[in-house]
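One letter stands for each residue in the lines below.
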Amino acid sequence: MRALTEATAITAVDANSQTLLYSRDDWSEKIREENYQKLTVSLNDLLDELHAFQEHTQLLKTYFSTLSRLAESDAPDSVSGQTERLVSTIQTLGSQLEKAGSVKKYIRPAVTLIVANHKQKALEEELQKHAPLLERELELQNAYLKALAEGLVSDTEYLKEIKQTKNISSYIERGALDEKWTQERRELLTSNIRIDILDAATMAADNLKITFDALIENKIKPGDFETLFSDIEEIITLVEIAQPHS
Amino acid sequence: MAPYEIRDMTLKELREARKAMVSWEYYKALKHLSAEKQQESKILLADIIYALEEMRTTEWQSIREKLLLNEAELVAGSESLDKALQNLKKIEKVMAIAANFLSVVGRVIKLVV
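Each chain carries its own residue numbering, running from 1 in the written order of its sequence. Think of it this way: whatever chain is written first is A, whatever ligand is written first is 1, and the rest follow in order. Residues qualify for local features only when their pLDDT is at least 70, as the model is predicted, and side-chain atom pairs are given and counted only at 80 or more; totals for whole chains, interfaces and linings, by contrast, use all residues. Note that the side-chain values use all heavy atoms of the structure and ignore hydrogens as well as water.

Q: Help me out: how do you make sense of a negative patch on the surface in this one?
A: Residues and elements named next belong to chain A. A patch consists of residues whose relative accessible area exceeds 30% and which take part in no salt bridge; residues with like charges are grouped when within 9 Å of each other, and nonpolar side chains (Val, Leu, Ile, Met, Phe, Trp, Tyr) when within 5 Å. Computed with the Shrake-Rupley method and a 1.4 Å probe, the accessible areas treat only the protein chains shown as cover for residues. Definition used for salt bridges: Asp or Glu carboxyl oxygen within 4 Å of a side-chain nitrogen of Lys or Arg. The charge count includes Lys and Arg as positive and Asp and Glu as negative, but it does not include His or the ends of the chains. To locate a charge, take atom NZ for lysine, CZ for arginine, CG for aspartate or CD for glutamate. Taken together, the side chains of Asp178, Glu179, Glu184 and Glu187 define an acidic patch exposed on the protein surface. To qualify as a helix, a DSSP run of H or I must reach at least 4 residues; to qualify as a strand, a run of E must reach at least 2; elements of each kind are numbered from the N terminus. Tracing the sequence through the fold places Glu179 in the loop between helix H4 (121-172) and helix H5 (181-190). Under the relative-accessibility criterion, Glu179 is labelled exposed at 78%. Each residue is placed in one exposure class: buried if its accessible area under a 1.4 Å probe, protein chains only, is under 20% of its type's maximum, exposed if it is over 50%, and partly exposed if it falls in between.

Here you go:
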């Protein structure tokens, strides 16, 4: 399954490129240049935002990994210092994402968290200190994934509309038909928007939040951190942006 | 409306316009217009897409005041455009309403590089 952010980035770039191509023949060089510049600038902003989201997810994984060590460490003080720095960086990136994306409408209100007694006191202290902040960051992940999904669906519909118009016009208007016309028509009429990616991403984000709540309530043991990691790995797999080929 | 709701409404309308303006129905209607008008429509589409991308990536808090200040016109413009997009055969009307909506959007975000 293609990662959600990769799919979002590729679809956004394709939608952007199609717009440039759509009217290229009708534009003068001057207008072509202006439009190229305009549309490329806006695309770069979106790609920067997607990278920030990917980084936010990776940092959350590092935080949970540190939390796992905190539960087992003989020297929790040194680990505790690391969580402080991590949480601060996660929050900085989080506030950047909250401002940039269409996430606001998807963010649910904060819930009151009651940290249960944990056998590992350092873990309990860490949760007392940072659980409410982490809960918000996980909520942001969830909301951002939903906002990404919205953009992806819109870009996909737009691209499909362009292809459909070309397919119809090539049949109705005069001139030879491309040999791939039948195949393209079939693909257009039978393709569905990749709802599976979107569902999987939001479900993974929900699962991560549920597991985190269970940790706070001491319903999972530190040994069960694997569940937390598998939840976040699922998101990372979904949100990874393809690295440029070297 | 809350500022982010005004922004989301605007974004939704720009997306609807973008999709409609590349549809077969719009394309058919466009062919009946003069070359000059066809050119105008294509530039309008590029401007709508640029506005959409800008609206999508601009920090909503940085345009909060402008969104509130232009709320009434954005709502009215969005409703008019929504209605116009239902009948793409009246392409010149669609173009005029879309251009008007875009000019209101231009008060909120920068539309030139």
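The rest of the description comes next.
Q: Whenever I open this one, the confidence of the model for chain B confuses me. Can you help?
A: Predicted coordinates in regions of low pLDDT should not be interpreted in detail. Confidence scores per residue from the predictor, reported as pLDDT, run from 0 to 100. For chain B, per-residue confidence averages 92 on the pLDDT scale, and residues scoring 70 or more make up 98% of the total. Per the prediction output, this complex has pTM 0.80; the corresponding ipTM is 0.91.

Q: Mind showing me how you'd approach the side chain of Ser78(B) here?
A: Residues and elements named next belong to chain B. Residue position: Ser78 is located in helix H5 (residues 71-84). We define a polar contact as two N or O atoms separated by no more than 3.5 Å, with the added condition that, inside protein, one atom must be a possible hydrogen donor and the other a possible acceptor, whereas residues neighbouring each other in sequence contribute only through side-chain atom pairs. Side-chain polar atoms of Ser78 contact the side chain of Glu13, separated by 3.3 Å. Contact criterion: two residues are considered in contact whenever any of their non-hydrogen atoms come within 4.5 Å of each other. Setting aside chain neighbours within four positions, we find Ser78 in contact with Met9, Glu13 and Phe101.

Q: For this particular structure, what's the right way to read the pattern of salt bridges?
A: One pass over the full model with this rule turns up 22 salt bridges over all chains. Here Glu139(A) makes a salt bridge to Arg108(A), at a shortest N to O gap of 2.8 Å. Here Glu139(A), found in helix H4, pairs with Arg108(A), found in the loop between helix H3 (76-100) and H4; they are 31 residues apart in sequence, far enough to count as distant. Here Asp155(A) ties to Arg56(B) by a salt bridge, and the two come within 3.1 Å at their closest N and O atoms. Taken together, the residues Asp155(A) in helix H4 and Arg56(B) in helix H3 (residues 35-57) connect one chain to another. Exposure class is identical for Asp155(A) and Arg56(B). Each is buried. Overlapping salt bridges, with partners in common, bring together Arg108(A), Glu135(A), Arg136(A), Glu139(A), Asp206(A) and Lys209(A) in one network.

Q: Just checking my understanding: could you explain the interface of chain B and chain A for this structure?
A: Quoted interface sizes are often the accessible area lost when the parts come together. The partner chain A presents 38 residues to the 31 residues of chain B that form the contact. Buried area, as used here, totals the accessible surface that two parts lose on assembly, with accessibility defined by a 1.4 Å probe and the loss added over both. Counting each side, the surface lost to burial between chain B and chain A is near 3300 Å², with a carbon and sulfur contribution of 58%. Broken down residue by residue, the surface that chain B buries against chain A is led by Val22(B), Trp24(B) and Arg56(B), which jointly contribute 19%. A salt bridge links Glu173(A) to Lys31(B); the nearest nitrogen and oxygen atoms lie 2.6 Å apart. Our count for the contact surface shared by chain B and chain A stands at nine residue pairs in polar contact (both at pLDDT 80 or more). Elements that contribute at least two residues to the side of chain B that touches chain A include exactly helix H1 (3-20), helix H2 (24-30) and H3 of chain B. Take the side of chain B that touches chain A: its biggest share by element is 12 residues, from H3(B).

Q: Is there a simple way to think about the nonpolar core in this case?
A: Taken as a class, soluble globular proteins show a tendency for nonpolar side chains to be buried jointly. Counting 45 residues, the largest nonpolar core has Tyr26(B), Ile48(B) and Leu74(B) as its most contacted members. Of all the secondary-structure elements, those providing two or more residues to this core are helix H1 (4-22) and H4 of chain A together with H1, H2, H3, H5 and helix H6 (91-108) of chain B. Of the residues forming this core, the biggest block, 10 residues, is contributed by H6(B). Buried Ala, Val, Leu, Ile, Met, Phe, Trp, Tyr and Cys residues that are joined via side-chain atoms within 4.5 Å together make up what is termed a nonpolar core. In terms of nonpolar packing, the next biggest core, distinct from the first, is built from 44 residues, Leu46(A), Leu50(A), Leu59(A) and Ala205(A) among them.

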